[in-house]
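Residue-level listing of the chains:
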Amino acid sequence: MTKPINPGRRESFKKVLLGGAALGSLSSFDFEESKKPLSLKGNINHGVCLWSMRPLSLEELCAGAKKLGIQGVDIVGPDAYPTLQKYGLQCSMSNGAEISIADGWNDPKFHDQLVKNYEEVIPIVAKNGYKNLIAFSGNRRGMDDETGLENCVKGLKRIMATAEKHGVVIQMELLNSKVDHKDYMCDLSPWGIELCKRIDSENFKLLYDIYHMQIDEGDIIRTIKNNYQYFGHYHTAGNPGRNELDQNQEINYPAVMQAIVDTGYKGFVSHEFVPKQEDKLLALQQAIDVCDV
């Protein structure tokens, strides 16, 4: 169990982050009704992933996120749309069509089920005014890179006409295979970029997860600057540990965020770290403060 933060230290940190403003507790249960969203610079469209903020419920996260100026929630499906809409939030990255991270587009035995799933979900995403739908390569299971690329192209091209018709972008996530997702195929940006080139559609992009790519390849800023046209979405988390974006991790998030802004990117940067501290929304506010360049 995570140790509670010393209350005095918590209040001091809030004051440092917010220029001395007396904001009180940032728990989702005690936001003041009159409190306005935090003033953000507007260069980064902040999102947040529900799973990493547990045990907050979707309702609690939406209520708190709205107060923090967050505009979207990631990795939720159509069953969550009504709650997001209640709070005026977007589904910044939908799920619900994939089978699993391990069972993906690189294996033809999954293609028929995946095509069926995506053909059903893509119109629902579009009908609700959203545009991003996640996808996974699947695990290698002894497969070489070229075979995996060929298989992914064959499968994904079966759904691209539907994605293009509805204006939905299929986003394959880059995940590390060193720590979190052993054997995952789309674990390096060059492989994912080659897949984008072969599919050759503006409706297929890569979800560039900064945490995952720091682990498997590093050179984050150069990669973003040289290949931003292939990246349709970004995730954050501190490394090592996948926790707060603080001084205990190695990624220079302000510099990375500035590189993203400099490319002209107008999509979402969604926070997918797992807070160590008890107050999840305080941790989220701190991440926004770090990344709002």
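Heads up: these notes are all about the structure in this document.

Thresholds applied
- Residues numbered from 1 in each chain as written.
- Predicted model: local features only at pLDDT ≥ 70, side-chain atom pairs only at ≥ 80, totals over all residues.
- Heavy atoms only, no water.
- Axes fitted to C-alpha atoms, helices over the stretch in contact; angles between N-to-C directions.
- Helix = DSSP H or I, 4+ residues; strand = E, 2+ residues; numbered from the N terminus.
- Left-handed = near helix turned anticlockwise from the far one by under 90°.
- Contact = heavy atoms within 4.5 Å.
- Nonpolar A, V, L, I, M, F, W, Y, C, P; charged D, E, K, R; others polar.
- Buried < 20%, exposed > 50% of the residue type's maximum accessible area, 1.4 Å probe, protein only.
- Core = buried A, V, L, I, M, F, W, Y, C linked by side-chain atoms within 4.5 Å.
- Phe/Tyr/Trp six-rings, centres within 6.5 Å; stacked < 30°, edge-to-face > 60°.
- Lys, Arg positive; Asp, Glu negative; His and termini not counted.
- Salt bridge = Lys/Arg side-chain N within 4 Å of Asp/Glu carboxyl O.

**Focus: the packing of helix H2 (residues 58-68) against helix H10 (residues 280-291)**
When two helices pack together, their arrangement is given by the angle between the helix axes and the distance between those axes.
Phase 1: Put simply, H2 and H10 touch, their axes get as near as 11 Å, and they point 35° apart. Two packed elements cross with a definite hand, and for H2 against H10 that hand is right-handed. Touching Leu61, Gly64, Ala65 and Leu68 of H2 are Leu281, Leu284, Gln285 and Ile288, all from H10.
Phase 2: Taken together, the residues that form the contact of H2 with H10 break down as six nonpolar, two polar and no charged.

**Let's talk about unusual backbone geometry**
When glycine is set aside, most residues are seen to have a negative phi, and most peptide bonds are trans.
Phase 1: Note the cis peptide between Arg54 and Pro55, where omega equals 15°.
Phase 2: Along the chain, Pro55 falls in the loop between strand E1 (45-49) and H2.
Phase 3: Omega for the peptide link from Asn239 to Pro240 comes to 0°, which places this bond in the cis form.
Phase 4: Position of Pro240 among the secondary structure elements: in the loop between strand E7 (231-236) and helix H9 (253-262).
Phase 5: Even without being a glycine, Ile75 presents a positive backbone phi close to 60°.
Phase 6: Locating Ile75 in the fold gives a position in strand E2 (residues 72-76).
Phase 7: Using a relative accessible area of 21% as the deciding quantity, one classes Ile75 as partly exposed.

**Some details on the nonpolar core**
Phase 1: Ile170 and Met172 are the most contacted members of the largest nonpolar core, which has 85 residues in total.
Phase 2: Considering every element that reaches this core, the biggest residue donor is helix H5 (residues 145-166), with seven residues.
Phase 3: Beyond its immediate sequence surroundings of up to four residues, Ile170 is in contact with Tyr118, Ile122, Leu133, Ala135, Leu156, Ile159, Met160, Ala163, Asn203, Phe204 and Lys205.

**Brief notes about the packing of aromatic side chains**
Phase 1: Enumeration over the complete set of coordinates arrives at six aromatic pairs.
Phase 2: With a centroid separation of 5.0 Å and an interplanar angle of 90°, the aromatic rings of Tyr234 and Tyr265 are classed as edge-to-face. Of this pair, Tyr234 sits in strand E7 while Tyr265 is found in the loop between H9 and strand E8 (268-271), placing the two residues 31 residues apart along the sequence. One exposure class covers both Tyr234 and Tyr265, and it is buried.

**Quick word on the side chain of Asp292**
Phase 1: Mapped onto the secondary structure, Asp292 falls in the segment after H10.
Phase 2: Buried and unpaired, Asp292 has no salt bridge, with Lys41 as the nearest side chain of opposite charge at 5.7 Å.
Phase 3: For Asp292, the contacting residues outside a window of four places in its chain are Leu40, Lys41, Gly42, Ile44 and His46.

**Notes on the pattern of salt bridges**
Phase 1: One pass over the full model with this rule turns up eleven salt bridges.
Phase 2: A salt bridge links Glu120 to Lys116; its shortest N-O distance comes to 3.0 Å. Of this pair, Glu120 and Lys116 both sit in helix H4 (residues 111-127), four residues apart, which is roughly one turn of the helix.
Phase 3: The partly exposed category is assigned to Glu120, whose relative accessible area is 43%.
Phase 4: Linking Glu146 and Arg198 is a salt bridge whose minimum nitrogen-to-oxygen distance equals 2.9 Å. In this pair, Glu146 is assigned in helix H5 and Arg198 in helix H6 (residues 189-199), connecting sequence segments 52 residues apart.
Phase 5: When its relative accessible area of 34% is taken as the criterion, Glu146 is described as partly exposed.

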